[in-house]
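Structural overview
Okay, here's what each chain looks like letter by letter:
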Amino acid sequence: MKWIGERISFVDDKEVCTIVIYPKRQVIVNGLMGAWLAMWLVIGVITLWSFSTYKFTDQENIILFVFLVFWAYYAWKVIKSFFWLMWGKELIKINDSSFIYKKSIKNYGKANNFFIENIEKIRVHQPKPNSFQAAWESSPWIQGGERIEFDYQNKLIRVGRKLEEKDTQQLFKFMTKKIEDRLKKLK
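To keep things clear, this report deals only with the structure shown in the data block. (Residues numbered from 1 in each chain as written. Predicted model: local features only at pLDDT ≥ 70, side-chain atom pairs only at ≥ 80, totals over all residues. Heavy atoms only, no water.)

**As for the nonpolar core**
Within the largest apolar cluster, 23 residues are counted, with the highest numbers of intra-cluster contacts made by Ile19, Ile92, Ile94, Phe99, Leu171 and Met175. For this core, the elements supplying multiple residues, two or more each, are β2 (8-12), β3 (16-21), β4 (88-95), β5 (98-105), β8 (146-152), β9 (155-161) and α4 (165-186). Considering each element in turn, this core owes the most residues, four residues, to α4. Contacts of leucine 171, omitting those with residues within four sequence positions, involve Ile4, Ile8, Ile19, Ile21, Ile148 and Leu163. (Core = buried A, V, L, I, M, F, W, Y, C linked by side-chain atoms within 4.5 Å. Buried < 20%, exposed > 50% of the residue type's maximum accessible area, 1.4 Å probe, protein only. Helix = DSSP H or I, 4+ residues; strand = E, 2+ residues; numbered from the N terminus. Contact = heavy atoms within 4.5 Å.)

**Details of the environment of asparagine 118**
With respect to the helices and strands, the residue asparagine 118 is situated in the loop between β6 (111-115) and β7 (119-124). For asparagine 118, a relative accessible area of 25% gives the class partly exposed. A C-alpha to C-alpha distance of 5.9 Å links asparagine 118 and tyrosine 152, two positions 34 residues apart in sequence.

**Describing a nonpolar patch on the surface**
Residues Ile62, Phe65, Val66, Val69, Phe70, Tyr73 and Tyr74 make up a contiguous nonpolar surface patch of roughly 740 Å² in combined accessible area. Mapped onto the elements, isoleucine 62 comes out in helix α2 (residues 58-87). (Patch = residues over 30% accessible without salt bridge, like charges linked within 9 Å, V, L, I, M, F, W, Y side chains within 5 Å. Areas by Shrake-Rupley, 256 points an atom, 1.4 Å probe, with all protein chains shown as cover. Salt bridge = Lys/Arg side-chain N within 4 Å of Asp/Glu carboxyl O.)

**Focus: the sheet that holds β3**
In spatial order, the strands read β1-β2-β3-β4-β5-β6; together these six strands make up an open sheet with antiparallel pairing. Across the chains shown, the open sheet's two edge strands, defined by having one partner strand only, are β1 (2-4) and β6. Strand-to-strand twist across the sheet, computed as the mean angle between neighbouring axes with direction ignored, equals 20 degrees. As paired strands, β5 and β6 are joined by five bridges and run antiparallel to one another. Within β6, the position partnered with isoleucine 100 by the bridge is asparagine 113. Those strands touched by α4 are β1, β2, β3, β4 and β5, and its axis lies near 160 degrees from that of β3. (Pairing = 2+ DSSP bridges. Axes fitted to C-alpha atoms, helices over the stretch in contact; angles between N-to-C directions.)

Below is the structure:
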């Protein structure tokens, strides 16, 4: 196993090239996010408990219901991001005929298969350093934007969440070389 930067590992065999991209491992950030998530879940449980325990007016019930809808939405988003930070990874396999991509949390996730001959215009998408997008994606509760993209049958496919610019460039060169090598074998 070889590494590109600190977060990208790969194994390059004759028949298949396997790339694994891990999320940033920040113990303090993960701990704080876990504590915030636990507090958020306690707030929701207490609110649900209060529905069954106390008598509220219709207006108070509406307010609590609207709050719980927003609470559930943000709970789901943060749970997904927390699980991604703790146990997530992106898996890429490039073999003679296909490019397989899977966003995985503890081996759960759907693998998407893309035929190499249908991949077009591989490019890097890096947000500008001082842009709103860069600030937004640097926050830990956001899973982040992918940095490498390509066109596949009129769809935009993106890989490489929250990669640094140097790692993105190295992965881009490595992936394009592997895809071009496989395309030459097909012809």
